[in-house]
Amino acid sequence: MNIGVIGTGLIVKAVLEAAKPIEGITWGALYSRKYETGESFAKQFGIPRINTDLDSFLSGSEIDTVYIASPNSLHYVQAKAALEHGKNVIVEKPFTSTLKEAQELQKLAKEKHLFLFEAITTRYLPNYDYIRNQLPKLGRLRMIQCCFSQYSSRYDALLRGEVSNVFNPVFSGGALEDINLYNIQFVMGLFGAPVEAKYYPNRHTNGIDTSGVAVLQYPDFICTCQGAKDTVGVNCVQIQGENGFILVNDKSNECRAVRMILRDGSETSYDIQNEPRWCYELRAMRDMIVSNNYAKCWKQLDVTLQVVACMEAMRRDADISFAADLPDR
């Protein structure tokens, strides 16, 4: 994988740091709106080419894959452009703002026989696989709770009247898309689409959600997903069945410190993740591309589209609108 990067934020730095020991991955180019910002970032990670023009960036023959970590509202346009240039694409979460955008990207990727991924690390974590395999031991599931609170420094700015991208409906921001999405992905990656989904947000005066609770109804169990950028709290996941429960004493996107406690008194602890979470994701994507495993890629993409559909339905239920919802998009 010879990857071109769009974005210079903290998540990009974390991903590039995690990728250093991984064989078969190079970073060939960087797109940044400001050359000065891009130059500093490129020097730090040894990226040889910097572009401030997207078309020039995507036309480079030295990259075969594009990693998109720009503001949420730009994901669709930039991913579409990358696919049209014949590049495989990795899109940071959230994949797109609307289901229509996601469906168009899926269709284009399949037509051009290109790989298209959403960067959700949970799917590739060993501990997550362990949880999936242990679920039958819990018996009939009845309740799931996911809590992820991460106070944002940008929330302080918001209270001062400064609206950053993450709290701006024009840029498809908000706590549901930025934080609670991890909880939704965790649950839907295991159990598929819910029968019904509702969202109950706390709002800022500009209408964006700064925290909220999503309620997912499945045939046999109810799931609550709490996500907040305006508070701190205990982050955890709990899956409760009639025979026992699984507890993750961590954020849903980290999936560390897994415990399973059954009613017969037995208890098991599990945690074999000894690398940054992005390592598992990048290796899996590299292996799919190298082995031409489109079937696995498409399967993951189907889950992504289910999540996008669920997220959009919850936004509409809570009357949260994005610029991407307008008819001309």
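Higher on the page you've got the structure.
None of the values given here were measured: they were computed from a predicted structure. (Residues numbered from 1 in each chain as written. Predicted model: local features only at pLDDT ≥ 70, side-chain atom pairs only at ≥ 80, totals over all residues. Heavy atoms only, no water.)

Q: Help me understand the side chain of Thr96 in this model?
A: The topology assignment puts Thr96 in the loop between β5 (88-92) and α5 (99-112). Its relative accessible area of 3% is what places Thr96 among the buried residues. There is a polar contact of 2.9 Å between the side chain of Thr96 and the backbone oxygen of Thr98. Looking at Thr96, its side chain comes within polar contact range of the main-chain nitrogen of Ala102, at 3.5 Å. With residues near it in sequence (within four places) discarded, Thr96 still touches Tyr76, Glu101, Ala102, Leu105 and Val308. (Helix = DSSP H or I, 4+ residues; strand = E, 2+ residues; numbered from the N terminus. Buried < 20%, exposed > 50% of the residue type's maximum accessible area, 1.4 Å probe, protein only. Polar contact = N/O pair within 3.5 Å; in protein donor to acceptor, adjacent residues only side chain to side chain. Contact = heavy atoms within 4.5 Å.)

Q: What am I meant to see in the pattern of salt bridges here?
A: Pairs can form between side chains of opposite charge once their charged atoms are near each other. In the structure shown here, the tally under the stated rule is 20 salt bridges. A salt bridge links Arg316 to Asp325; the shortest N-O distance between them is 3.8 Å. A cluster of three or more residues bridged by salt bridges with shared partners is formed by Glu177, Glu312, Arg315, Arg316 and Asp325. (Salt bridge = Lys/Arg side-chain N within 4 Å of Asp/Glu carboxyl O.)

Q: What am I meant to see in a nonpolar patch on the surface here?
A: On the surface, Tyr151, Leu159 and Val232 cluster together to form a nonpolar patch covering roughly 320 Å² of accessible area. Within the secondary structure, Leu159 sits in helix α7 (residues 153-159). A relative accessible area of 54% places Leu159 in the exposed class. (Patch = residues over 30% accessible without salt bridge, like charges linked within 9 Å, V, L, I, M, F, W, Y side chains within 5 Å. Areas by Shrake-Rupley, 256 points an atom, 1.4 Å probe, with all protein chains shown as cover.)

Q: Help me understand the nonpolar core in this model?
A: Soluble globular proteins tend to pack their nonpolar side chains together in the buried interior. The biggest cluster of nonpolar side chains holds 107 residues, and the ones touching the most others in it are Trp27, Ile131, Ile239 and Met314. Ranked by residue count, the leading element in this core is helix α10 (residues 294-317), at eleven residues. Non-local contacts of Trp27, meaning those with residues more than four positions away in its chain, are made with Ile3, Val5, Val15, Leu16, Ala19, Ile47, Pro48 and Tyr67. (Core = buried A, V, L, I, M, F, W, Y, C linked by side-chain atoms within 4.5 Å.)

Q: Teacher, can you tell me more about helix α9 (residues 277-290) here?
A: An α-helix turns once per 3.6 residues; consequently, residues spaced three or four apart project the same way. Counted at 1.5 Å a residue, the expected span for α9 with its 14 residues is 20 Å, and the 21 Å between its end C-alpha atoms agrees. Burial analysis of α9 places eleven of its 14 residues in the buried class, the great majority of the element. Within α9, burial applies to Arg277, Trp278, Cys279, Tyr280, Glu281, Leu282, Ala284, Met285, Arg286, Met288 and Ile289. At its buried positions, α9 is contacted by α1 (10-19), β4 (65-68), β5, β6 (116-119), α6 (126-134) and α10. Remark: Asn292 follows α9 within two positions and exhibits a positive phi of approximately 55 degrees. (Expected span 1.5 Å × (residues − 1).)

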